[in-house]
Amino acid sequence: MASVTGLTFLALCLPFLGAIIAPAVVRYLGHNAAWPLALFPALVFLHFAGFLPAIAAGHSIQGGFDWVPSLGLRFSWLLDGLSLTFALLITGIGTLIVLYAGGYLKGHVDLGRFFSFIFLFMGSMLGLVVSDSFLTLFVFWELTSITSFLLIGFDHQREAARRAALQALVVTGGGGLLLLAGLLLIWQITGAADMSGLLKAGGTLRESPLYLAALILILGGAFTKSAQFPFHFWLPNAMEAPTPVSAYLHSATMVKAGVYLLMRLNPAMGGTMAWQTILPLFGAATLLVGTLLAVRQTDLKLKLAYTTVSSLGLLVLLTGFGSDYAIEAAVLYLVAHSLFKGALFMVAGIVDHETGTRDITRLGGLRAAMPLTFAAALVAAISMGGLPPAFGFLAKEEIYAALAGASVWSIALTVIAVAGNALMFAIAFAVALKPFLGARVETPRHPHEAPSLLWLGPVVLAVLGLVAALFSGLWHAYISSPMASAVSGKAMEISVSLVPHIGMPLLLSALTVLIGLFVYWKLDRARFLMSVVLRHLGPGPDRGFDGLISGLVRLSHVISRVLQPGRLEIYVAVTFLCLAAMLLLPPVLHGELPAVPSWPDMQWHEAVIFLIAVIGLGAVVMARDRLTAIVSLGIQGFAVAVIFLLFGAPDLSFTQFMVETLSVVILALVMTRLRLSASDRRPPLQMLLHAVLAAACGLGFGLLLLKATQAPFDLTLTAFFNQYSKLIAHGSNVVNVIIVDFRGTDTLGEIAVVTITGLAILALIRIRAGGERKLAANDPDLDEKMEAERR
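Model, not experiment: these values are computed from the prediction.

Colleague: Could you give an account of a nonpolar patch on the surface, naming the residues involved and the relevant values?
Modeller: Residues Val463, Leu464, Val467, Leu470, Phe471, Leu474 and Tyr478 make up a contiguous nonpolar surface patch of about 650 Å² in total accessible area. Mapped onto the nonpolar patch, the elements with two or more residues apiece are helix H21 (452-470) and helix H22 (472-488). When you line up the elements, Val463 lands in helix H21. Using a relative accessible area of 44% as the deciding quantity, one classes Val463 as partly exposed.

See the structure below:
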């Protein structure tokens, strides 16, 4: 187990190691660096593939390291059918994406930076899906948002890319905060700080009165990450990223993180009325919105992006539906979607790379020039359209077997699923056929078959979609069934094959194909109708996001002008007001005022010292100029130093004398170098307000000290320092030992603060002196004027 834990930890670190060395490898090998760099995810894939027999046998594998054991916080991971399938998709497709990026971005000046970003993204997503503890899951969840921001905004010279990156970060980052609140609430309800513990405490969570609040918070994180309506708008805009990012983002990584989370939490939070209502409703709305918006597009990547939105909606719908068939359908469709969508996105990138355009209306007749790319596109489209002998056919059959029923709810969801799948059928074959069939259309570049780095990825994924369907029994045993068991929380065995379900599922599948063929035939007309409908609907959520950000910026300016007016006296006054409130309000509101002490018996010389302190206070208040006030302020410190001396603390007294002397000297020096008015020119009302604040702060500190001194004195630390100062630190002066040894780091920090302050003052004086020399060059009488001001 120790060796497995160590190897798994190393495997999780390999993508981050790849991110570190990628720029150096690219510097020496250029775009061919993709071949050795692809070994990093390939090795991780092989490592996780080694767990397939154990997971298929029904085992789960856990490991990790303690971080804060007292709080139950660990860096831990959990491998079962769900997390292992995601890990294989992330690393397997990630290997192909690294190779594809080497060809697609050949000659790009920032190829090394791109590889670093893609490896960081890969490592973040991999860490997310295998995380067991809430802590590590949330950390990697946010890392996927940050790294996707870097990838989407990779071409940062373009404003559209910067806007899309910011939009994705704001939407998914905001959802991440909701997720954090939800995880903390679940921790509070169940006491579980990891997924494995939560899965055992599902009953406690579902029966809690806070269940609905926790569910809404979790769904906020999942829906924003997986682009559910009305948060779907950020995902198509993310197409501003280079095509390798789009292919990876949509097939195996970030957009499926929300779906992964819902599947992971299904055994603990599923089965309730809220779960089985909210998820299908939002999933059905997202399915329809995504497919209808995809019909309107002419850009190949945007058409595929909107179908990703609809596919995510379908996955959420199935996850929330609640039946065993629905779980099986969700598992099958998730894997099928990863394979065909990754392949089709890479095909769209190849078409763009070799022809110079992605506009479907400006493409045609590419089959002869790009036969291998056309074959990969056709096979992937067959899977996306749900036709045999592709794996997508198995998924579609299981979807209809799950949803078909006699209830109004089942009928409504079935109608939506048929409509959505039919539109996806039409769009799949529009992407796969229209650019390649028909008459040859002139394109900005002369088309030809792509190099091996580009066609390898789509061909492998397309063929894998066929292999998974043809050998479905073996695939289900090692992939589908363990994954479905993890999602449902009980042992499940999937047996669907290329032999169709006889009955309603087969009829619905045939109806889907017929509707899809009709929409494909009338695609131009459907695109026009959707444009008219959207024009009448007006601005959508995307435009609303711009309005929200613009309003937030304006509100920030208003708040900044109120809270940051640029006047130091206001900042100081607010600081002291808050300080006075913190000191005075708690004891007054809770009735915990200290007892009034009796007047102490003092010797006459002690009373004189206190009288000198009071006279010094009066001198400060009555001083007519700032320099006199500073000098008078030192009287307070000297009086306190004498009191220390009288009460048997000569070392503290000496320190106090030195501090007060230096403070007065430094303040006087600074005051003479700054161009300030000689006297205080505040209006009477402002002076009264400041006096009240000063008195309130003084009263608050006085009450705090009285309360502290009236509490029983704990001699534990006194005894400890007396006992160990000589023994451990070899010092007889207990105070010095405390400062230098026991509190050495604290003392070092104080010294650093004083040093930095001194350097800042020195810099200000030098800047001031330099400014005076420049002014003197332009004004010969400046020295006389400044001297007069000082006097």
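Colleague: An account of the nonpolar core is requested, with residue identities and associated values reported.
Modeller: Counting 193 residues, the largest nonpolar core has Phe48, Phe115, Trp234 and Met269 as the members making the most contacts within it. The greatest single-element share of this core, amounting to 20 residues, is contributed by helix H17 (residues 324-355). Apart from the residues lying within four places of it in its own chain, the contact partners of Met269 are Ile186, Leu205, Arg206, Tyr211, Ala214, Leu215, Ile218 and Trp275. Listed in part, the 5 residues of the second largest apolar core include Ala580, Leu584, Ala696 and Leu703.

Colleague: Lay out unusual backbone geometry with the relevant residues and their values.
Modeller: Put simply, Phe229 and Pro230 share a cis peptide bond, and its omega is 5°. For Pro230, the position within the fold is in the loop between helix H11 (211-225) and helix H12 (234-237). The residue after Pro388, namely Pro389, is reached through a cis peptide bond having omega 5°. With respect to the helices and strands, the residue Pro389 is situated in the loop between helix H18 (371-384) and helix H19 (391-403). The phi dihedral of Ala227 is positive, around 55°, even though this residue is not glycine. In this fold, Ala227 is placed in the loop between H11 and H12.

Colleague: Talk me through the pairing of strand E2 (residues 73-79); I want residue IDs and the actual numbers.
Modeller: The buried count for E2 comes to 5 of 7 residues, which makes it a mostly enclosed element. In this sheet, E2 lies alongside strand E1 (residues 61-68) in antiparallel orientation, the contact comprising 7 bridges. Bridge pairing links Val68 to Leu73 in E2.

Colleague: Tell me about H11, and name the residues and values.
Modeller: A rise of 1.5 Å per residue sets the reference length of H11, with its 15 residues, at 21 Å; its end C-alpha atoms lie 21 Å apart and thus fit the reference within 8%. When you tally the buried positions in H11, you get 11 out of 15 residues, the bulk of the element. Listing the buried residues of H11 in full gives Tyr211, Ala214, Leu215, Ile218, Leu219, Gly220, Gly221, Ala222, Phe223, Thr224 and Lys225. Backbone geometry just downstream of H11 places Ala227 in the positive-phi region, at approximately 55°.

Colleague: Please set out helix H6 (residues 111-130) residue by residue, giving values where relevant.
Modeller: The end-to-end C-alpha separation of H6 is 29 Å, in line with the 28 Å expected for 20 residues at 1.5 Å each. For H6, the tally of buried residues reaches 18 of 20 residues, placing the bulk of the element in the interior.

Rules and cut-offs
- Residues numbered from 1 in each chain as written.
- Predicted model: local features only at pLDDT ≥ 70, side-chain atom pairs only at ≥ 80, totals over all residues.
- Heavy atoms only, no water.
- Patch = residues over 30% accessible without salt bridge, like charges linked within 9 Å, V, L, I, M, F, W, Y side chains within 5 Å.
- Areas by Shrake-Rupley, 256 points an atom, 1.4 Å probe, with all protein chains shown as cover.
- Salt bridge = Lys/Arg side-chain N within 4 Å of Asp/Glu carboxyl O.
- Helix = DSSP H or I, 4+ residues; strand = E, 2+ residues; numbered from the N terminus.
- Buried < 20%, exposed > 50% of the residue type's maximum accessible area, 1.4 Å probe, protein only.
- Core = buried A, V, L, I, M, F, W, Y, C linked by side-chain atoms within 4.5 Å.
- Contact = heavy atoms within 4.5 Å.
- Pairing = 2+ DSSP bridges.
- Expected span 1.5 Å × (residues − 1).

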